[in-house]
Amino acid sequence: MIWKLSLTGIKSRLKDYAVLFSGLVVASTIFYMFLSLAINPGFMSKDINAPGQYLSFIFGFGIVLLAIITFVYLVYANSFLLSMRQHDYGMFMMLGTKSSKIGLLIFCETLLTGILATILGIVVGFGLTALVSKLLISSLGLHITHFQMVLPNAILWTLIFFVAVFFLASLRNVHKLVRSKVIDLLHESQKPIKIRRKNGLRVVEAVLGILLLAAGYYIMGIAANAIFFIIPAALVTIVAGSYFTFDSFFTLIINLLLKKKNFAYHGIRVFTLGQLKFRIRDYTRILSVISLLFALALGAITVGLNFNSLKNQALVSDYYDAQIVQNTPAVQKNVDKLDLKSKATYHYVETKKELVFKKADFDKKPFKYIKFSQHGNDFPTYTPTVAKAKDLVTPGNSANTRLSMMLLNGTKKIEMVSPAKFNAIQGQKKFVTLIRVKDFIKEYPNLMKIEKAQMTSPLISRVLSNTKLFTYQVVLGFASGFEFMGFFLGIAFLTMLASTLMFKVLSGAASDKVRYEMLYKIGTREKMLRRSIRNEIGVLFALPGVLGIIDVLFGLRLFKALLPKPYMGIWLPFLIFIVLYFIYYMVTVKLYENIVLKK
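Below is a short write-up of the structure.

**Some details on the pattern of salt bridges**
For the structure on display, the rule yields nine salt bridges. Residues aspartate 318 and arginine 402 are paired through a salt bridge, measuring 2.4 Å at the closest nitrogen-oxygen approach. With aspartate 318 in the loop between helix H13 (310-316) and strand S1 (322-324) and arginine 402 in helix H17 (residues 398-405), this residue pair connects regions lying 84 residues apart in the sequence. Neither aspartate 318 nor arginine 402 differs from the other in exposure class; each is buried. With a shortest N-O distance of 2.9 Å, glutamate 350 and lysine 412 are connected by a salt bridge. Taken together, the positions of glutamate 350 in strand S2 (residues 340-350) and lysine 412 in the loop between H17 and strand S6 (413-417) put the pair 62 residues apart, joining distant regions of the chain. One connected set of salt bridges, linked through shared partners, spans Glu350, Lys412 and Lys430.

In structure tokens form, the structure reads like this:
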């Protein structure tokens, strides 16, 4: 019987539960997708190799962030659903239903909603994981044979997490409602809101909020080497500044508008401004949190998409595209397939203390390397430089260091001698061949084959870990992982923060219904009431959105040292967010109108 009542309760509020379902399905879908990519055993150990460690960390970090925002989202979602059903529960209790039965009913409804949403999210996650894995594999340029789309461990942990969260939410709902008095459940929406009237303190708080935000924005422009100061300082100032701004600054603006009688008394603006004044003071915490999450979500997508530019950085960070320290038939076969731009071979003899090179090889084809320089927060510059012979034999010199990293036993001192002396030196004769190709991206598969064919010993593998090829492969996995994590994490954040604001607005709709009925009875046209609703909810959506966008525009300066153009392509994530945010705004307006204007 209890389960039947639970299903009936969900059915009676199907539209409200549909909104909750959409956010939960998105959360569980992306949660499963991140898990399946992060803990795919064959994918990480056999197909990804070295960069897989970075991908596991990236997607694991995304899972933690998603778990946090999901928990916050569920708190507000449950508050909304409770506000919609508490009158019904009060009626049940007034008619004699035992509180234990009501508690069981609440528990069943909440848990059933979570389980259904999670199962649907996992099913959708199968398809999304398949799509994302193909895009990720394509970006990594890999041949994948061990990736599992349906991963039992990922399914199990997704179910465990969401069932645990909903179990706790169910207990919280039971505790809150069962311990409430019947009169409180029936008239919760009619409780008055306490308003502070200390205008002087409010002005001080508003000024402090603006100053704290300005300080936070300034701090994010400090040189990146002070990152351990920047992050906590900016976090404290911007969080506190956002709270004070919503708590007092916007309220002062509304008070000023109310004093302008020509503006305030046009139509029913005075009513709309009064509604906003009460709302903003009551919504201070949620608006502050949403503005910060909005900034994080928008920043995650913007930075994630721009991480793709790190691949270009890897391409210019080393002058040579590949190096050969062991020539075998397999290596030579793949070298013959390359469209070469240049090829230089340097012969040397390894003695007990030195690596002796034939100077004529460097005279014929000078050794070149990339000179690195950086100023402040600016993106580093990479300059191709021709190494002089004296620089190559000077320990600690950048040219000497770069050449040593390319050699077997490169810790020994480097010397250069004439061909005659070189031929007379006793020791193990070796060589290093440095290759440049006309198109690195096109030749990337063959270059990878050349590198893998040489890895026959730990020493050679250690030397080849310093090549452009290895760096590019690591950056490719790192950038691709962040790109996908940023995009999907941003979408999940936006979905849940917009849903949270929606639930917060709708949770007060029942108490607003009386006010709109009163306006309608005294002759206010329905068209004017709808305009007032659109304006009121529009301001509530716009304020955290605008502040979040400002946070992002200043916050992206933190990435100047990491990304060449952190603001590049910023219009795309902004457009995605504005469209999705507007859709949630329109849905909120429609649901709110159905509650307060229902005849």
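**Concerning the environment of phenylalanine 470**
Along the chain, phenylalanine 470 falls in helix H21 (residues 468-507). In this structure the C-alpha to C-alpha distance between phenylalanine 470 and methionine 448, which are 22 residues apart in sequence, comes to 8.7 Å.

**Topic: the side chain of asparagine 255**
Within the secondary structure, asparagine 255 is located in helix H9 (residues 227-259). Apart from residues lying up to four places away in sequence, asparagine 255 is in contact with Arg202 and Lys277.

**Overview of the nonpolar core**
Tyr581 and Tyr592 are the most contacted members of the largest nonpolar core, which totals 111 residues. Ranked by the residues each element gives to this core, the list is headed by H21, at 20 residues. Apart from residues no more than four positions distant in its own chain, tyrosine 581 is found in contact with Ile290, Phe294, Leu494, Leu497, Ala498, Leu501, Phe541, Pro544 and Gly545. Listed in part, the 26 residues of the second largest apolar core include Leu355, Phe367, Leu403 and Val463.

**So, the packing of aromatic side chains**
The full count for this structure, using the stated rule, is 21 aromatic pairs. Between phenylalanine 246 and phenylalanine 250, the aromatic rings sit 5.3 Å apart at their centres with planes inclined by 50 degrees, giving tilted as the arrangement. Residue phenylalanine 246 and its partner phenylalanine 250 are both found in helix H9; the two are separated by four residues, about one turn of the helix. Each of the two residues, phenylalanine 246 as well as phenylalanine 250, counts as buried. Centroid distance tyrosine 346 to phenylalanine 367: 6.4 Å. Interplanar angle 70 degrees. Geometry classified as edge-to-face. A residue pair is termed long-range when its members are at least 10 positions apart, and tyrosine 346 in strand S2 and phenylalanine 367 in the loop between helix H15 (359-364) and strand S4 (368-373) qualify at 21 residues.

**Notes on the sheet that holds strand S7 (residues 428-437)**
Spatially, S1-S7-S2-S3-S6 is the arrangement adopted by the five strands of the open sheet, whose pairing is mixed. The open sheet terminates on both sides in strands that have one partner only, identified here as S1 and S6. Adjacent strand axes in the sheet meet at a mean angle of 30 degrees when their direction is disregarded. The pairing of strand S3 (residues 354-358) with S6 spans five bridges and is classified as parallel. Among the inter-strand pairings, leucine 355 is bridged to a residue of S6, identified as isoleucine 414. Across the sheet, helix H19 (residues 440-454) is in contact with S1 and S7; its angle to S1 comes to roughly 30 degrees.

**Focus: the side chain of threonine 467**
Here threonine 467 shows up in the loop between helix H20 (458-464) and H21. Threonine 467 gets classed as buried once you look at its relative accessible area, which sits at 3%. Separated by 3.2 Å, the side chain of threonine 467 and the backbone nitrogen of phenylalanine 470 make a polar contact. Residues within four places of threonine 467 in sequence aside, it is in contact with Asp318, Gln323 and Glu451.

Procedures and definitions
- Residues numbered from 1 in each chain as written.
- Predicted model: local features only at pLDDT ≥ 70, side-chain atom pairs only at ≥ 80, totals over all residues.
- Heavy atoms only, no water.
- Salt bridge = Lys/Arg side-chain N within 4 Å of Asp/Glu carboxyl O.
- Helix = DSSP H or I, 4+ residues; strand = E, 2+ residues; numbered from the N terminus.
- Buried < 20%, exposed > 50% of the residue type's maximum accessible area, 1.4 Å probe, protein only.
- Contact = heavy atoms within 4.5 Å.
- Core = buried A, V, L, I, M, F, W, Y, C linked by side-chain atoms within 4.5 Å.
- Phe/Tyr/Trp six-rings, centres within 6.5 Å; stacked < 30°, edge-to-face > 60°.
- Pairing = 2+ DSSP bridges.
- Axes fitted to C-alpha atoms, helices over the stretch in contact; angles between N-to-C directions.
- Polar contact = N/O pair within 3.5 Å; in protein donor to acceptor, adjacent residues only side chain to side chain.

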